[in-house]
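Residue strings, one per chain:
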Amino acid sequence: MRTDRVAPSAPSVTSRLVPPHPRPAPAPPVPPAALRFPEGRAVPPCLQGLRLPPGGRARAPMEEPLALHPVKLYVYDLSKGMARRLSPLMLGKQLDGIWHTSIIVHKDEFFYGSGGISSCAPGGTLLGPPDTVVDLGNTEVTEEIFLEYLSSLGESMFRGESYNLFEHNCNTFSNEVAQFLTGRKIPSYITDLPSEVLATPFGQALRPLLDSIQIQPPGGNTFSRHNGQS
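Heads up: these notes are all about the structure in this document. Just so it is clear, the model here is predicted, and its values are computed rather than measured. (Residues numbered from 1 in each chain as written. Predicted model: local features only at pLDDT ≥ 70, side-chain atom pairs only at ≥ 80, totals over all residues. Heavy atoms only, no water.)

**Side note on the packing of aromatic side chains**
Per the counting criterion, the structure on display carries 9 aromatic pairs. Judged by centre distance (6.2 Å) and plane angle (35 degrees), the ring pair of Tyr-112 and Phe-173 falls under tilted. Of the two residues, Tyr-112 is situated in strand E5 (residues 108-113) and Phe-173 in helix H3 (residues 170-182); the sequence distance between them amounts to 61 residues. By relative accessible area, Tyr-112 is classed as buried at 1%. Note on Phe-158 and Phe-173: the rings are 5.4 Å apart at their centroids and 80 degrees apart in plane angle, and the pair reads as edge-to-face. Remark: Phe-173 occurs in helix H3 and Phe-158 occurs in the loop between helix H2 (143-154) and H3; sequence separation between them is 15 residues. Residue Phe-158 is classed as buried on the basis of its relative accessible area of 1%. When its relative accessible area of 0% is taken as the criterion, Phe-173 is described as buried. (Phe/Tyr/Trp six-rings, centres within 6.5 Å; stacked < 30°, edge-to-face > 60°. Helix = DSSP H or I, 4+ residues; strand = E, 2+ residues; numbered from the N terminus. Buried < 20%, exposed > 50% of the residue type's maximum accessible area, 1.4 Å probe, protein only.)

Following this line, the structure appears as structure tokens:
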């Protein structure tokens, strides 16, 4: 008996191999945006180089964080309590002290007087320990940069011959250095003292004599550009 063979049918259109649909190329990554501050406000040096990735979260540069160094203000009463007792009689107003100040940073004490900028170990002058210690915060300024900064001050604003008891004294120096290191000023009761004294008749009468007074606490070493002190 003869069997008829059925010829294979041609593949249908739906059974043919269809090439896959090409995937869209990935979008290029969005580069980080530079950190921006409001117009007129400078980016602090410690934030320069900081980038903001998409989403706004800050990402620090790939480098080790800078070390923080404590900054203190030593406050001495040169009158040893006499100003508090005698100022109401002599000036007609209460003064709590005649203030001398210094900056303590990088394990040394720095101050300014008629001999220029000087340094010593903390509390190392003949004034002894301070009457008050004010915490000014921390600084990222390294010792090397700080000593270079002091050198520039000693050759310009704070030479020994520039000293003046009322207008350009140890407290002027401490205030300048404190702002360089931390952005903070020293307490106003210290910087306002000369104007308080000169606002009284007694202070005005004594000004010619007081202007000639030069203060240089003994025990410090004159600052040197090469090694920080001589």
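**Description of the pattern of salt bridges**
Scanning the entire structure with this criterion turns up 3 salt bridges. Residue Asp-135 pairs with Lys-72 through a salt bridge whose shortest N-O separation is 3.8 Å. Residue Asp-135 is found in strand E7 (residues 132-139), and its partner Lys-72 is found in strand E3 (residues 69-77); the two are separated by 63 residues along the sequence. Between Glu-161 and Arg-159 there is a salt bridge, with the nearest N and O atoms lying 3.0 Å from each other. Classification of Glu-161 by relative accessible area gives exposed; the value is 64%. (Salt bridge = Lys/Arg side-chain N within 4 Å of Asp/Glu carboxyl O.)

Fair warning: the whole summary comes from geometry, so function is off the table for now.
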